[in-house]
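# Tertiary structure, described
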Amino acid sequence: MPLNRRFRSVTRIGPVQVGTANDDRGREKHTAACTAPRCGFSADYDSRAAAELAARTHRCPIR
């Protein structure tokens, strides 16, 4: 069953969006996801700084 998250404080860094949400156990998680077509990059992090660093250093393999 897919998890539906309500993201807050969403920012965009290039093609990557970084958002904050609570996971199923109530812990705060930060997600970085690329919005470019056919990229497929997304990852969860424990800190906002780590998610923003991943967004800044992400390079899409599809060009």
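Residue indices begin from 1 for each chain and proceed along its sequence in written order. Side-chain atom pairs in this predicted model are given and counted only at pLDDT of 80 or more, local residue features only at pLDDT of at least 70, and totals for whole chains, interfaces and linings cover all residues. Based on all heavy atoms of the structure, the side-chain values leave hydrogens and waters out of the count.

### Some thoughts on the side chain of Thr31
- With respect to the helices and strands, the residue Thr31 is situated in strand E3 (residues 28-34).
- In the analysis that follows, any N or O atom pair within 3.5 Å is treated as a polar contact, provided that within protein one partner can donate a hydrogen and the other can accept it, and provided that, for residues neighboring in sequence, both atoms belong to side chains. Within the structure, Thr31 has its side chain in polar contact with the side chain of Asp44 (distance 2.6 Å).
- We call two residues contacting when some pair of their heavy atoms lies within 4.5 Å. Contact partners of Thr31, with chain neighbours within four places excluded, come to Arg5, Phe7, Gln17, Val18, Gly19, Ala43 and Asp44. Helix numbers and strand numbers start at the N terminus; a helix is a DSSP run of H or I with at least 4 residues, a strand a run of E with at least 2.

### Overview of the side chain of Asp23
- Looking at the secondary structure, you find Asp23 in the loop between strand E2 (16-22) and E3.
- For every residue, the accessible area obtained with a 1.4 Å probe (protein chains only) is divided by the maximum for its type, and the residue is called buried under 20%, exposed over 50%, and partly exposed between those limits. Residue classification places Asp23 among the buried residues on the basis of a relative accessible area of 11%.
- A polar contact is formed between the side chain of Asp23 and the backbone nitrogen of Arg25, at a distance of 3.1 Å.

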